[in-house]
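What the coordinates show
Below are the chains, spelled out letter by letter.
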Amino acid sequence: MRPTIRKVDRRKFLRDTICAALGGASLYSALGSLQLLQAATRTSYGFDGYKALVCVFLYGGNDGFNVVVPISGSARTDYNTVRPTLALPAAGLHALAAPASGVGSPGDGSTYGLHASMPELAALFNAGHAAVVANVGTLVTPVTKDQYQNGNPALPPQLFSHADQAAYWQSSPPTNAPVTGWGGRIADLVASANPPNIPILTSLGGQDAFLRGQDVNGYVMNYYGPNVVDFPYELSGTNALENTFNALHAAGQANALERTYGATMRHSMSTASLIDATLGVANMPDFSGFFTGTDSLGPQLQTVAKLIWAANNNIPGYTGLKRQVFFVTTDGFDTHSDQLATQDPLLADLSKSLAGFHNALQSVSLADRATTFTASDFGRSLSNNQNGSDHGWASHHFVVGGAVQGGKFYGDNLAGTGSAHMPSLAPSDTNPNDAGYGQIIPTTSVEQYTATLAKWFDISDSDIDLITPNLANFSTRNLGFV
């Protein structure tokens, strides 16, 4: 439940008013593609059951090369060579029981394990409930090392920039001014299958590009409950200002801006009341035992698990939902220095939180109705930056859920780069995947990642092309992990 706030000052009132308003309406919902709006208008999706997509965004640029790590084979030899101060001991890794060759294997003849701090996620992988999607990054079209260094290929703008690449990951396709996010575009298309008064696009980790729809209002809340307007106490009575606001709104306003503001705030306040009531129902599972030892990410996913449970258990006022999209976040992954010590607790929290979320839903027979996936600004350089790593490009990501075809590696082999799912870890001058300075070129695009998730969400192929306009540039539309 939301903690009681005993003293409210003017600054907090203004801050909470802005956050509550963002909870009621997307900042960018008035802008965007006419084509997508037309698709949302003409499309009337109907779904038999419930599904949820849960994006876990790792701000700062997670170093995937020290998350999914070679244990043996030629990749291990290269890894030790290219990362002299960052290489993790093979003995401490949690082995991944992927196929040794063929479909679902790493594809390079080596065996892999997860970071020593991630036993829970390794166990999920080996149980078939999690998958690795290898070497994913922002791309407009397939790119080879030769094209990058000697040609003029179409590239995402401002590569290696935190703010830009986080926005491009979430907006997909990369543009200089991302207007909508692909989470928002998916929500726009499935809105007709959901009740109009319940949030279907919800963030527990702040406002960012992923949440921006053309028409659907992304709802922003805290892990402990919704953002609400705490009206300051007045001598004339505890609820004097709130009552005055309600009276003014009921009276109507001549100015269009005043009407819009009033309607937005009223919608936000009613939504906050609905969410508070839903999270407070007497039979709501607590789920806290599944998130023991987690930090910032665990409480967010615990609340998402509660909302998914509510959507599937006929809670008054929270019924009729068929599709929901959630956005949760954690940060601290910009490891330019002291990477080994910094990454340990971050990855431990990620592992415990992802496994806790899956196990919480599994405990109430809902694990197959939610697919959780990770994303980050970018990967990091394969080469050392003393005791850290620099900004990179591609990274490895996880997909978790009861519907996931787990225990396998997934990805694409773009433009004959010479590797399968996993990229080469050889030194830069002999590495066919290295753009230079250890920055590894993606062999799987964010749009392929997105399209695969959208297909599981039962979006039509023609509408997936609207969500991912550059998908036609890649030979593989569906990576098959879910």
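Residues numbered from 1 in each chain as written. Predicted model: local features only at pLDDT ≥ 70, side-chain atom pairs only at ≥ 80, totals over all residues. Heavy atoms only, no water.

1. Description of the sheet that holds strand E4 (residues 111–114)
Here is the rule: A pair of strands is treated as paired once DSSP finds two or more bridges between them. Here a helix means four or more residues in a row that DSSP labels H or I, a strand means two or more in a row labelled E, and each is numbered from the N terminus. Note on contacts: a residue pair is in contact if any heavy atoms of the two residues lie within 4.5 Å. In this analysis an axis means a line fitted to C-alpha atoms, helices contributing only their contacting stretch, and an angle means the value between N-to-C directions, from 0 to 180 degrees.
Strand order in the open sheet formed by three strands is E2-E4-E3, and the pairing between neighbours is antiparallel. The open sheet has two free edges, formed respectively by strand E2 (68–72) and strand E3 (94–95), since each of these has just one partner strand. Note that E3 and E4 share two bridges and pair antiparallel. Across the sheet, residue Ala95 finds its bridge partner in E4, namely Gly113. Each of E2 and E4 is contacted by helix H3 (residues 74–82), which is oriented at about 115° to E2, the strand it contacts most.

2. Let's talk about the packing of helix H4 (residues 119–126) against helix H11 (residues 339–363)
Inclusion rule: Note on terminology: angles under 35 degrees are roughly parallel, angles over 145 are roughly antiparallel, angles of 65 to 115 are roughly perpendicular, and the others are oblique. Classification convention: Asp, Glu, Lys, Arg as charged; Ala, Val, Leu, Ile, Met, Phe, Trp, Tyr, Cys, Pro as nonpolar; all other residues, Gly among them, as polar.
Interhelical geometry of H4 versus H11 gives an angle of 45° and a closest axis separation of 7 Å. Classified by the interaxial angle, the pair formed by H4 and H11 is oblique. Mapping the contact onto sequence places Pro119, Glu120, Leu121 and Leu124 in H4 and Ser351, Lys352, Leu354, Ala355, His358 and Asn359 in H11. When the residues that make up the contact of H4 with H11 are grouped by side-chain class, the tally is five nonpolar, three polar and two charged.

3. Quick notes on H3
Just so we agree on the cut-off: We call a residue buried when its accessible area falls under 20% of the maximum for its residue type, exposed when it is over 50%, and partly exposed in between, using a 1.4 Å probe and counting protein chains only. Note that the arc is computed from the directions linking the helix axis to the C-beta atoms.
Within H3 the residues assigned to the buried category are Ala75, Arg76, Tyr79 and Val82. The buried side chains of H3 occupy one side of the element, clustering within an arc of 140° when seen end-on. Residues of H3 that are buried make contact with E2 and E4.

4. Notes on H11
At 3.6 residues per turn, the α-helix brings residues three or four places apart onto the same side. The test is simple: Expected span, for any helix, means 1.5 Å times one less than how many residues it has.
Relative to the 36 Å expected for 25 residues at 1.5 Å per residue, H11 spans 35 Å between its end C-alpha atoms, a close match to the ideal helical length. Note on H11: the residue one or two positions beyond its end, Ser365, has a positive phi of about 60°.

5. Side note on the pattern of salt bridges
To be explicit about the condition: Each reported salt bridge corresponds to a side-chain nitrogen of Lys or Arg within 4 Å of a carboxyl oxygen of Asp or Glu.
Going through the model one piece at a time under the given rule, you end up with seven salt bridges. Arg83 is the salt-bridge partner of Asp63, the closest N and O atoms lying 2.8 Å from each other. Separated by 20 residues along the polypeptide, Asp63 in the loop between strand E1 (51–58) and E2 and Arg83 in the loop between H3 and E3 bring together distant segments of the chain. With respect to class, Asp63 is no different from Arg83; both count as buried. The partner of Arg477 in a salt bridge is Asp465, with the nearest N and O atoms 2.9 Å apart. With Arg477 in the segment after helix H13 (461–467) and Asp465 in helix H13, the pair connects residues that are twelve residues apart, well separated along the chain. Owing to a relative accessible area of 33%, Arg477 belongs among the partly exposed residues under this scheme. Taken together, the shared-partner salt bridges connect Lys51, Arg323 and Asp458 into one network.

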